[in-house]
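The residues making up each chain are set out below.
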Amino acid sequence: MEHRDIEVFLALAEELHFGRTAERLRVSQARVSQSVKTMERRIGARLFDRTSRRVSLTPIGRTLEADIRPAYRQLLAGIERAVAAGRGVEGVLRLAFEAPAVANLISGVTAAFRARYPGCEVDISEAPFEDPLATLRSGEADLAVVLLPVSEPAIATGPVVHTEPMVLAVASGHPFARREFVTLEDLGRDTVLRAAHPPPAYWREPPEPWTTPAGVPIARGRAYRTFQELLLVIGAGEGICPLAAHAAEYFARPGIAFVPFRDTPPARWGLMWRSAGETALVKAFASTAAEHRP
C-alpha cells in the first residue's frame, strides 16, 4: 500500500469531503478518488459511504483509521525528527491565536514541541480580532491557529489542534438564559452580532441570505472590532452571538449567560501558515501538532 494512499485515506477520514481533502493535500479530487478506490480494491471492502450530499466512514473504514493513524503519526514524527536533526531545526517560531484562550487549551502541543526541539523558542501572540489571518499574511507570524474552515489563496491548512462544542452568548436577563439548550432555529428570534471582519463566502451556502435551517431569516447586527466590545453589547441586551464553548469558562462575567447548542457541529481550530513560508521550523511544529490531534 502506497504512503500517499494512506495519507489521502487519513485526510479524507478527517475532512469527510473530497474537495477539502484535495485542497489540504494539494492534489486533484480525481487523485483523492483514485487513492480511495485503490485502497478499497486492496482491502476488498468499501471504506467510505459516498452520496451527493455527504461522505462518511463505513464500519471497516472506522476500524482501519483507528488502527493505522497512531502508527502513521509515529512514522511521520520519526521522519521529522531525523530531518530536524539533519537540518538543525532551531530559532524563534511566531505563533498567533485568533482566540487567545486556545493557546492554553493546546498547551500540550507547544510543550511537546519545546521538549522535542530545545533549540527553538515559541513566541505566542494574539491575532487581530477583526482579521485573524492579518499577521500571517504580513509575515509577522509564522503560524496561526484560527477557526475552521479556511480556504484562502496562499494559505496552507494544517492539522486540527482543538475541537469543542458551541454555545450561545446572551444577556443574563434574556429568555434564552433560562434554557438548558438552544438550537440553530433560535438564531432567527433575535439579532445575531458578529466580529468586524465579514464571514468568508465559503462559510455560507448559499452566500446570501443568512437563514436558520428552516429558512427563517437571521437578523445580523453591526460588527464589533474587539471581543470585549462584543461581550459588552451582548451583556447590554443588544443581541446574541454563537461562540466556542471555552468562552463560558474564560470570559464568564455577570450579565452574560452561555447556553449550550444542541444541534450545531463543533468548533474546529486549525493550524495555518503561508504556503511560501513553509520552513523546517513550521513543518516541525505542524508534525508535532498532528501527533496531538484531538
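Residues numbered from 1 in each chain as written. Predicted model: local features only at pLDDT ≥ 70, side-chain atom pairs only at ≥ 80, totals over all residues. Heavy atoms only, no water.

(A) Focus on the pattern of salt bridges. Counting across every chain of the model gives 15 salt bridges. Aspartate 5 serves as the salt-bridge partner of arginine 31, at 3.5 Å between the closest nitrogen and oxygen. Of this pair, arginine 31 sits in helix H3 (residues 29–43) while aspartate 5 sits in helix H1 (residues 3–15), and the two are 26 residues apart along the sequence. One salt bridge in this structure joins glutamate 65 and arginine 69, with 2.8 Å as the shortest N-O distance. (Salt bridge = Lys/Arg side-chain N within 4 Å of Asp/Glu carboxyl O. Helix = DSSP H or I, 4+ residues; strand = E, 2+ residues; numbered from the N terminus.)

(B) Inspection of the packing of aromatic side chains at higher detail. This structure, assessed with the given rule, holds 5 aromatic pairs. Note on phenylalanine 113 and tyrosine 117: the rings are 5.1 Å apart at their centroids and 50° apart in plane angle, and the pair reads as tilted. Accessibility classification places phenylalanine 113 together with tyrosine 117 in one group, the buried group. Look at phenylalanine 113 and phenylalanine 285: their rings are 5.1 Å apart centre to centre, the planes differ by 65°, and that puts the pair in the edge-to-face class. Taken together, the residues phenylalanine 113 in helix H6 (residues 107–116) and phenylalanine 285 in helix H10 (residues 280–291) connect sequence positions 172 residues apart. Residue phenylalanine 113 shares its accessibility class with phenylalanine 285, and that shared class is buried. One aromatic cluster in this structure is built from Phe113, Tyr117 and Phe285. (Phe/Tyr/Trp six-rings, centres within 6.5 Å; stacked < 30°, edge-to-face > 60°. Buried < 20%, exposed > 50% of the residue type's maximum accessible area, 1.4 Å probe, protein only.)

(C) Spotlight on the sheet that holds strand E4 (residues 120–126). Across the sheet, 5 strands lie side by side as E4-E3-E5-E12-E6; this open sheet has mixed pairing. Each end of this open sheet is capped by a strand with a single partner; those strands are E4 and strand E6 (155–164). Adjacent strand axes in the sheet meet at a mean angle of 25° when their direction is disregarded. As paired elements, strand E3 (residues 91–97) and strand E5 (residues 143–147) share 3 bridges and run parallel to each other. Note on E5: the bridge partner recorded for alanine 96 is alanine 144. (Pairing = 2+ DSSP bridges. Axes fitted to C-alpha atoms, helices over the stretch in contact; angles between N-to-C directions.)

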